[in-house]
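Secondary and tertiary structure notes
What follows is each chain in one-letter form.
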Amino acid sequence: MKYLLGLLMCANVLVDIRAGEGMWNLLLLDSLNYKDMQEKGLRLSPEEIYSINQASLKDAVVIFGGGCTGEVISPDGLLITNHHCGYSRIQSHSTVEKNHLADGFWAGSKAEELANPGLSVTFLVRIEDVTTKVLSGIPDTLSEEDRSVQLVARLSRLQKEAIAGTHYESEIKSFYFGREYYLFVYEVFHDVRLVGAPPEAIGRFGGDTDNWMWPRHTGDFSLFRIYAGKDNNPAPYSPDNVPYKPKKHLTISVSGVKEGDFTMVLGYPGRTDEYLTSDALRMISQKSLPAKIEMRTMRLNALEDEMAKGPEERLRYSGRYVGTSNAWKKWIGVTKGVERTDAVRKKELFEDSFDAWADDLLQDDAGYSVLMDEFEKIYALYEPLYVTNDLGNEFLNSVEVFSLVNHAQTDFYSMLDSSEQYKKEALQKMKQRGADFFRSGALTIDQRILPSLMAIYAGNTLPQYHPEFFDRIIPDFGGNYQAFIENVFNQSVFTDSVKYLRLLDKSPQYIRKKIITDPLVIMHRDFSRTMAFDVYRKTDSLNRELNRLYGKYLSGMMAMNPTRILYPDANFTMRLAYGRVEGYEPSDAVNFMHYTTLDGIIEKEDPQVADYLVPEKLKEVYSNRDFGAYVMGDKVPVCFIASNHTSGGNSGSPVFNAEGNLIGINFDRNWEGTVSDYAYDPSICRNISLDIRYVLFVIDKVADADWILDELTLKKK
Ligand code: ASP
């Protein structure tokens with residue numbers, strides 16, 4: 001692949017980059033995308049976007065926590081990300097009396113900013129192409145398994161070497177199915193404090209009803225600040241830490257966006273699978289996703305019923321609800337998008353043309369002409385395993401008591417041969433974990449969803465992948481999952497706080513006996529064993545084989561169409577996407593505009609529906625028309641859409657205009673457009689961003705937090 005890219009560039013062939021599509025590697029911008037970006041309107045040099053010699057845009061873009069993007073917007077380390085990315089942190093500081101989720105939170109000064117243990121912010125220091133270092137000397141003739149053993153050792157050595165003598169962290173990621181490797185060096189900060197968040201009725205306005213939808217009116221932002229030691233280096237939390245002085249902070253444009261404007265997004269898209277074959281996409285969209293959607297629907301129904309019981313319950317379960325519903329709704333969107341764009345058929349047509357091209361080759365040393373048959377054979381074996389893997393993971397992750405069970409076992413066994421002091425501490429930890437768990441309300445949900453989860457799992461997987469405990473359901477419980485679960489819950493010590501805490505006061509021998517015979521432990525153990533021995537192992541070796549085939553497939557695509565540049569699938573490394581501000585046609589005769597305004601919030605208001613409550617203060621500002629400079633004509637802009645190819649993980653990403661100034665915060669995609677994770681379609685795939693002017697408006701006019709505005713660098717018209 002690399003060599004093909006090289007050839008292309010030398011030959012000065014005009015490259016074909018499809019509109020809006022692609023998440024590009026920053027290291028290759030200059031050679032692959034720059035010309036096209038300039039033609040589309042960009043007015044920056046490649047070095048202003050990515051450079052290791054001078055401060056560039058990449059220095060202001062961070063990984064926020066474990067799965068979002070954020071960006072630095074002040075010389076004092078102020079950072080903006082999405083409200084949904086900061087949600088669990090805001091929730092952790094909330095109580096029924098002091099509910100920052102409901103009422104919003106604005107620190108009155110730096111001294112009032114709230115610490116968030118466990119939260120980190122990660123800066124990208126540099127990227128290096130290490131393909132040759134990784135691959136040289138590894139013979140092509142090695143089996144996939146031996147090859148992967150050699151690779152793991154080599155990657156770990158190179159990663160260590162890259163950061164020797166520094167406080168940095170590093171990671172090498174594979175691109176194009178192992179055709180290329182890039183090293184990423186990071187600097188990680190661990191003292192990150194909450195500065196401000198609007199009330200949920202702004203930050204999550206539209207809630208799950210509007211999530212993954214356009215038109216949208218969500219003020220999806222929250223503000224944090226990075227703190228460092230006195231030397232400006234990362235340091236663990238300390239009241240003595242000082243605001244971090246970043247290499248670069250973003251300039252904010254208040255000029256707004258027009259239809260057709262160039263936009264680009266820098267951030268961390270998590271995962272895409274653009275090059276899947278039609279068989280693979282069919283398997284995902286018609287088998288795995290529908291079953292997972294059904295599993296989550298059960299959990300959401302249970303959570304909704306609990307939340308409806310009162311404010312305490314709402315607060316207790318809302319984080320889980322948000323966490324569960326996000327992917328659930330997206331999966332529904334993907335299945336719709338696959339249908340709407342006819343993505344499977346388009347892939348089939350492409351595969352036919354690939355076959356035809358390969359059959360006509362005079363010489364086919366790579367074996368392109370048999371590639372599709374090879375894929376077909378592997379997918380016939382892979383499909384039942386893939387679906388089981390997916391549903392098994394969903395099952396295990398949905399049932400929270402399994403996490404308590406799992407921890408209890410590891411904690412208990414780790415303390416058996418340890419010192420008295422260690423034992424005491426481990427027991428204390430187990431007690432604390434138990435107390436937190438029983439207080440969390442998880443059991444109510446677990447007990448309610450388990451029977452349905454079992455039924456869905458059983459109905460969609462082959463009997464050979466059913467854990468052993470399934471064998472008892474027909475003989476002992478007449479096939480009734482509900483009765484089975486009731487029995488398990490009645491007998492387990494993990495379903496009763498008194499029994500659980502009492503057990504921990506007993507002798508280690510007694511605890512051991514009780515743990516290994518506990519029905520929930522047995523369920524969890526059977527399930528994990530089935531997954532580990534019957535599913536993961538086999539899937540692993542097929543995955544390696546598929547990786548090899550896909551590598552070949554990409555090389556084939558490049559050879560078949562040498563002017564088309566293929567971008568690498570997302571792998572949670574920093575990428576750049578570019579496109580333009582544009583609306584779309586969601587269905588026949590309907591045309592969606594590219595922006596929404598505060599008027600839409602007022603129109604959507606419904607005091608009876610939690611998702612559509614509007615804070616009094618916002619209504620007051622609206623009726624006084626006290627909009628300040630944050631207007632477009634006489635309206636306050638709220639969100640806009642554009643054709644930037646983004647994915648999960650791009651939440652919180654900066655959206656830039658042609659000059660590299662911040663115009664928006666990416667937070668979502670349109671529903672059917674989520675098919676872009678598998679097959680980007682420029683006619684309907686749009687990313688949804690919060691207009692930065694709405695952020696400023698909320699901070700200024702709704703929160704009255706002017707001291708925050710004073711820190712920002714604004715570029716007026
Ligand atoms: N809303 C998404 C997220 O939660 C962003 C996206 O997938 O476009 O990460």
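Computed from a predicted model, the values in this text were never measured in an experiment. Throughout, residues of each chain are indexed from 1 in the direction in which the sequence is written. In view of the model being predicted, local features appear only for residues whose pLDDT reaches at least 70, and side-chain atom pairs are presented and counted only at 80 or more, with totals across whole chains, interfaces and linings using the full set of residues. Remark: hydrogens and water are excluded; side-chain values derive from all non-hydrogen atoms of the structure.

**Details of the overall build of the protein chain**
Working definition: helices are DSSP H or I runs of at least four residues, strands are E runs of at least two. Numbering for both runs from the N terminus. The helix and strand tally for the protein chain stands at 25 helices and 23 strands. Note on classification: 1.4 Å probe, protein chains only; a residue is buried when its accessible area is under 20% of the maximum for its type, exposed when over 50%, partly exposed between these limits. For the protein chain, the residues scored as buried account for 56% of the 717 residues in total. Sequence separation of 24 or more characterises 77% of the internal contacts of the protein chain that already satisfy a separation of 6 or more. Accessible surface, the protein chain: about 30,100 Å² in total, of which carbon and sulfur atoms supply 51%. Here Asp and Glu are counted as negative and Lys and Arg as positive; His is not counted, and neither are the chain ends. Charge positions are represented by NZ for Lys, CZ for Arg, CG for Asp and CD for Glu. Looking at charge distribution, the protein chain has the averaged site of its 80 positive side-chain charges lying 4 Å from that of its 101 negative ones. Contact between two residues is taken to exist if any of their heavy atoms lie within 4.5 Å; hydrogens are not considered. In this description, accessible areas are obtained by the Shrake-Rupley approach with a 1.4 Å probe, and a residue is regarded as covered only by the protein chains that are shown.

**Considerations on the pairing of strand β10 (residues 191-197)**
Counting buried positions over the seven residues of β10 gives seven, a clear majority of the element. At least two bridges found by DSSP between two strands is the condition for calling them paired. As paired strands, strand β5 (residues 105-106) and β10 are joined by two bridges and run antiparallel to one another. Residue pairing across strands places F105 opposite A197, the latter belonging to β10. Of the pairings in the sheet, the one linking strand β6 (residues 114-115) to β10 comprises two bridges and is antiparallel in character. From the neighbouring strand, L114 faces β10, where its bridge partner is L194.

**With respect to a positive patch on the surface**
Together, R502, K506, K513 and K514 line one region of the surface with positive charge. Relative to the assigned elements, K514 resides in helix α20 (residues 508-517). Relative accessible area serves as the criterion here: at 34%, K514 is assigned to the partly exposed category. Patch definition: residues above 30% relative accessible area lacking any salt bridge, with like charges linked at up to 9 Å and the nonpolar side chains Val, Leu, Ile, Met, Phe, Trp and Tyr linked at up to 5 Å. By salt bridge we mean one thing: a side-chain nitrogen of Lys or Arg within 4 Å of a carboxyl oxygen of Asp or Glu.

**Thoughts on the site of the ligand**
One heavy atom suffices: a residue is near a molecule or strand as soon as one of its heavy atoms comes within 4 Å of it. Residues in contact with the ligand, as listed here, are H84, W212, N326, S647, G648, G649, S651, F667, D668 and R669. Side-chain atoms alone can form a polar contact between residues adjacent in sequence; in general such a contact is a pair of N or O atoms within 3.5 Å, and within protein one must be able to donate a hydrogen while the other accepts it. At 2.7 Å from an oxygen atom of the ligand is found a side-chain nitrogen or oxygen belonging to S651. With respect to the ligand, the side chain of R669 contributes an N or O atom lying 2.8 Å from an oxygen atom. When the ligand is considered free in solution it has 270 Å² of accessible area, and contact with the protein chains removes 93% of it. For the shell around the ligand, the element with the most residues is strand β21 (residues 662-669), which contributes three residues. Taken together, the residues of the shell around the ligand break down into two nonpolar, six polar and two charged. Throughout, the ten residues Ala, Val, Leu, Ile, Met, Phe, Trp, Tyr, Cys and Pro are labelled nonpolar, Asp, Glu, Lys and Arg are labelled charged, and all others, Gly among them, are labelled polar.

**Here's the deal with the state of the cysteines**
By convention in this document, the label disulfide applies to cysteine sulfur atom pairs within 2.5 Å. Per the counting criterion, the structure on display carries one disulfide. Residue pairing for C68: its cysteine sulfur links by disulfide to C85, the two sulfurs lying 2.1 Å apart. The disulfide joining C68 to C85 has a torsion of about -80° about its S-S bond and is therefore left-handed. With C68 in strand β3 (residues 68-72) and C85 in helix α4 (residues 83-92), this pair connects stretches of sequence that are 17 residues apart. By relative accessible area, C68 is classed as buried at 12%. Take C685: it sits in no disulfide, and the sulfur closest to it among the cysteines is that of C639, at 18 Å. Residue classification places C685 among the buried positions, given a relative accessible area of 2%.

**Focus on the side chain of E21**
Tracing the backbone shows E21 in the loop between α1 (2-10) and β1 (24-25). Of note is the side chain of E21, whose polar atom sits 2.7 Å from the side chain of Y567.

**Thoughts on the environment of I522**
Looking at the element boundaries, I522 is found in helix α21 (residues 519-560). Among the residues examined, I522 registers a relative accessible area of 26% and is labelled partly exposed. As a C-alpha pair, I522 and V405 span 117 residues in sequence and 9.8 Å in three-dimensional space.

**Focus on the pattern of salt bridges**
Per the stated rule, a full pass over the model turns up 52 salt bridges. Close ionic contact of E128 with R126 constitutes a salt bridge, the shortest N to O distance being 2.8 Å. A residue is classified by how much of its surface remains accessible, and R126, at 24% relative accessible area, is partly exposed. The salt bridge involving R320 is made with E400; its shortest N-O contact spans 2.6 Å.

**Thoughts on the packing of helix α14 (residues 401-416) against α21**
Working convention: axes come from line fits to C-alpha atoms, limited for helices to the stretch in contact. Angles between N-to-C directions cover 0 to 180 degrees. At their nearest, the axes of α14 and α21 sit 10 Å apart, and the two run at 95° to each other. Of the possible angle classes, the one that applies to α14 and α21 is roughly perpendicular. Along the contact surface, α14 presents V401, F402, V405, N406 and Q409, while α21 presents L520, V521, M523 and H524. When its residues are assigned to classes, the contact of α14 with α21 shows six nonpolar, three polar and no charged. Each angle receives one of four descriptions, namely roughly parallel if under 35 degrees, roughly antiparallel if over 145, roughly perpendicular if within 65 to 115, and oblique otherwise.

**Quick word on the packing of aromatic side chains**
In this analysis, rings of Phe, Tyr and Trp, with Trp reduced to its six-membered ring, are considered paired at centre separations within 6.5 Å, and the interplanar angle assigns stacked below 30 degrees, edge-to-face beyond 60, and tilted for intermediate values. What the rule picks out here adds up to 44 aromatic pairs. Between Y275 and Y567, the aromatic rings sit 6.0 Å apart at their centres with planes inclined by 50°, giving tilted as the arrangement. Residue Y275 is located in the loop between β14 (262-267) and α10 (278-307), and its partner Y567 is located in the loop between α21 and β15 (575-580); the two are separated by 292 residues in the primary sequence. Accessibility assignment for this pair places Y275 and Y567 in one class, buried. With a centroid separation of 6.1 Å and 40° between ring planes, the pair formed by Y457 and F470 is classed as tilted. Placement of the pair is Y457 in helix α16 (residues 442-460) and F470 in the loop between α16 and α17 (473-477), with a sequence separation of 13 residues.

**Details of the layout of surface pockets**
Lining residues are defined by having an atom within 4 Å of a point belonging to a cavity or pocket. Those points lie on a 1 Å grid over the protein atoms alone, cavities being sets where a 1.4 Å probe fits but cannot get out and pockets being open sets with protein on both sides within 12 Å along at least five of seven lines. Grid points are joined across faces, edges and corners, and a volume is the space filled by probe spheres set on the points. In this structure, the second largest pocket encloses a volume near 730 Å³. The wall of the second largest pocket is formed by 25 residues, among which E200, M307, R314, A610 and D611 lie closest to the centre. Mapped by element, the contributors of at least two residues to the lining of the second largest pocket are α5 (100-103), α8 (200-203), α9 (207-210), α10 and α11 (311-340). Grouping the constituent residues of the lining of the second largest pocket by class yields 15 nonpolar, four polar and six charged.

**Details of the nonpolar core**
Take the buried Ala, Val, Leu, Ile, Met, Phe, Trp, Tyr and Cys residues and link them wherever side-chain atoms come within 4.5 Å; each set so joined is a nonpolar core. Counting 203 residues, the largest nonpolar core has M264, Y694 and F697 as its most contacted members. Once residues within four sequence positions are removed from consideration, M264 is found in contact with M37, L42, L44, I49, L57, L576, A577, Y578, N644, P654, V655 and F656. If you look at the next biggest cluster of nonpolar residues, it comprises 12 residues, including V125, L151, I163 and V185.

**Concerning the side chain of R686**
With respect to the helices and strands, the residue R686 is situated in the loop between β21 and β22 (687-691). Among the residues examined, R686 registers a relative accessible area of 4% and is labelled buried. Separated by 3.1 Å, the side chain of R686 and the backbone oxygen of G583 make a polar contact. When neighbours within four sequence positions are excluded, R686 is seen to be in contact with E582, G583, Y584, I641, A642, S643, D668, R669 and N670.

**A word on helix α13 (residues 371-398)**
Working rule for helices: expected span equals 1.5 Å times residues minus one. Over its 28 residues, α13 extends 38 Å from the first C-alpha to the last, a length consistent with the 40 Å expected when each residue adds 1.5 Å. At any given residue, the bend is defined as the angle formed between two axes, one fitted to the seven residues that end at that position and one fitted to the seven that begin there. In the structure, α13 departs most strongly from a straight axis at Y382, where the bend amounts to approximately 45° and where the proline P384 lies between one and four residues downstream.

**Here we look at the environment of M632**
Note that M632 resides in the loop between α23 (616-624) and β19 (637-642). Look at M632 and you get partly exposed, because its relative accessible area is 22%. In sequence terms M632 and K423 are 209 residues apart; their C-alpha atoms lie 64 Å from each other. The residues contacting M632, other than those within four sequence positions of it, are Y595, T597, P637 and R693.

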